[in-house]
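Each chain is listed here by its residues.
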Amino acid sequence: MTQADIGKAMGVSRATVNAYIADARERGVVSVRIEPGWLSSIELSGQLADAFGLEGATVVPTPQPSATKAAISERIGRAGAELLSSKLSAGDVVAVAWGRTVLALAEEMGDPGLEDLTVAQLTGGTTSTFDFSPEFCASVLAERLSARCLLVTAPAVVSSPEVRTILMNEPILAQQFHTLKHTNVAVFGICTTHDDSLIFSAGILKPGTLPRGPGGDAVAVVAGRCIDPDGEAIIDAQDARIVGLPLDELRRVSCRIAVAGGPDKPEAIKAVLRGGYATHLVTDEKTARALLEHE
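This structure is a prediction, so every number in the text was calculated from the model and none was measured.

## Points about the sheet that holds strand β10 (residues 225–227)
Taken together, three strands build an open sheet; the order of strands is β6-β9-β10 and the sheet is antiparallel. In this open sheet, the two strands that pair with only one neighbour each are β6 (191–192) and β10. Pairing of β6 with strand β9 (residues 220–222) involves two bridges; the strand directions are antiparallel. Paired with Thr192 across the strands is Ala220, a residue of β9. Relative to the sheet, helix α11 (residues 266–274) contacts β6, β9 and β10, its axis offset from that of β9 by approximately 60°.

## Some remarks on the environment of Pro112
Tracing the backbone shows Pro112 in the loop between α5 (100–108) and β3 (118–121). Put simply, Pro112 and Ala90 are 22 residues apart on the chain and 9.4 Å apart in space, counted from C-alpha to C-alpha. With residues near it in sequence (within four places) discarded, Pro112 still touches Leu88, Leu117 and Leu145.

## A few points about the pattern of salt bridges
What the rule picks out here adds up to eight salt bridges. Among the ionic pairs, Arg225 bridges to Asp239, the shortest N-O distance being 3.1 Å. One end of the pair, Arg225, is in strand β10; the other, Asp239, is in the loop between β10 and α10 (247–250), with 14 residues separating them in the sequence. We note that Arg225, like Asp239, is buried. Notably, a salt bridge pairs Glu285 with Arg289, separated by 3.0 Å at the nearest N-O pair. Within this pair, Glu285 and its partner Arg289 are both found in helix α12 (residues 285–293), separated by four residues, close to a single helical turn. When its relative accessible area of 43% is taken as the criterion, Arg289 is described as partly exposed.

## Describing the side chain of Gln121
Structurally, Gln121 can be placed in strand β3. At 2.7 Å, the side chain of Gln121 forms a polar contact with the backbone oxygen of Thr123. Ignoring anything within four residues of it in the chain, the contact list for Gln121 reads Val96, Pro134, Glu135, Ala138, Leu150, Leu151, Val152 and Leu180.

## Some thoughts on α11
Extensive coverage of α11 is indicated by the burial of seven of its nine residues. Residues of α11 that are buried: Pro266, Ala268, Ile269, Lys270, Ala271, Val272 and Leu273.

## A word on the packing of α5 against helix α6 (residues 134–145)
Where α5 meets α6, the closest approach of the two axes is 8 Å, and the angle between their N-to-C directions is 15°. It follows that α5 is roughly parallel to α6 by the angle criterion. Where α5 crosses over α6, the two elements pack in a sense that is left-handed. Within the contact between the two elements, α5 uses Val102, Leu103, Leu105, Ala106 and Glu107 and α6 uses Phe136, Cys137, Val140, Leu141 and Arg144. Partitioned by chemical class, the residues of the contact of α5 with α6 number eight nonpolar, no polar and two charged.

## Quick word on the side chain of Asp228
Tracing the backbone through its elements, the reader meets Asp228 in the loop between β10 and α10. Setting aside chain neighbours within four positions, we find Asp228 in contact with Gly213, Pro214, Gly215, Gly216, Asp217, Ala218, Val219, Ile234 and Ala271.

## So, the pairing of strand β12 (residues 280–284)
Counting buried positions along β12 yields five of five residues, so the element is predominantly enclosed. Judged by which residues are buried, β12 turns out to be covered on both faces: His280, Val282 and Asp284 on one side and Leu281 and Thr283 on the other are all buried. Relative to β12, strand β1 (residues 56–60) is paired through five bridges, and the arrangement is parallel. Bridge pairing links Ala57 to Leu281 in β12. Note that the unit made of strand β11 (residues 255–259), α11 and β12 has a crossover that is right-handed.

## Some details on the pairing of strand β2 (residues 93–96)
Alternating positions in β2 separate into two faces, Val93 and Ala95 on one and Val94 and Val96 on the other, with burial throughout. Summarising the sheet, β2 and β3 pair through four bridges and their orientation is parallel. Across the sheet, the residue bridging to Val93 is Thr118, located in β3. Read from β2 through α5 to β3, the crossover connection turns out right-handed. Bridge count for β2 against strand β5 (residues 185–188) is three bridges, and the pairing is parallel. Across the sheet, Val94 pairs through a bridge with Val185, a residue of β5.

Rules and cut-offs
Residues numbered from 1 in each chain as written. Predicted model: local features only at pLDDT ≥ 70, side-chain atom pairs only at ≥ 80, totals over all residues. Heavy atoms only, no water. Pairing = 2+ DSSP bridges. Helix = DSSP H or I, 4+ residues; strand = E, 2+ residues; numbered from the N terminus. Contact = heavy atoms within 4.5 Å. Axes fitted to C-alpha atoms, helices over the stretch in contact; angles between N-to-C directions. Salt bridge = Lys/Arg side-chain N within 4 Å of Asp/Glu carboxyl O. Buried < 20%, exposed > 50% of the residue type's maximum accessible area, 1.4 Å probe, protein only. Polar contact = N/O pair within 3.5 Å; in protein donor to acceptor, adjacent residues only side chain to side chain. Parallel < 35°, antiparallel > 145°, perpendicular 65-115°, else oblique. Left-handed = near helix turned anticlockwise from the far one by under 90°. Nonpolar A, V, L, I, M, F, W, Y, C, P; charged D, E, K, R; others polar. Right-handed = clockwise from strand over helix to strand, strands pointing away.

As structure tokens, this is what we get:
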């Protein structure tokens, strides 16, 4: 909690909280120490930002080797929430994708006390049954931020490009995407295209069929859109069926926060960073080292 948060909870001023903390340190009730593991993470953050031309990178220590994907997501999500909080201003439109790490970020957010915030889905809905669906991620983040919530009233993938064109011409969807085009901050996870990827169970792609770009088969998916190893967006018949913000429009958003990590993610994250889709990355230490190995 910040000193302002503590003061609000205690019913005292921030200056009083500051004085209490100073007194507690003097008495030895409170002490501050630096965990050595974080120092290497700070160094890696700078190296990542330099290597991939990022405005900023946050690297958190990787949990113990036995840690689950959920544990890694929770740690990255917590750091991502702190970063997002620092980037928000009154009146912002925050576009949010979906996934385990995005939901972890949403659940860690506190109310920043900013007026006129809007949280909008980056894509339409999915057929999946997991709890980090596009609708749920957007709803949780909006609730935490005390923001209005804009849910895209269409599937993330439709049956044909013609159906997508008809839907996008509907007044309600046209208005929703008009709001999306005014996004100031975007938050998204990064999916792999491995056989066990959630991108298949969510119905975005069919198993055994990977779109192919100039640099090869798709290795990453952001907001339902496929990216090849060189970072090129794959614009094909599959992409023409996606209801969501196109990657070229995502790249125009001033602050784009990618939250992703884990042993299966380096190739996908690297493709996204090469394509310039993120201005900020939040990841874990082992993933950061893997990203820097051959860059």
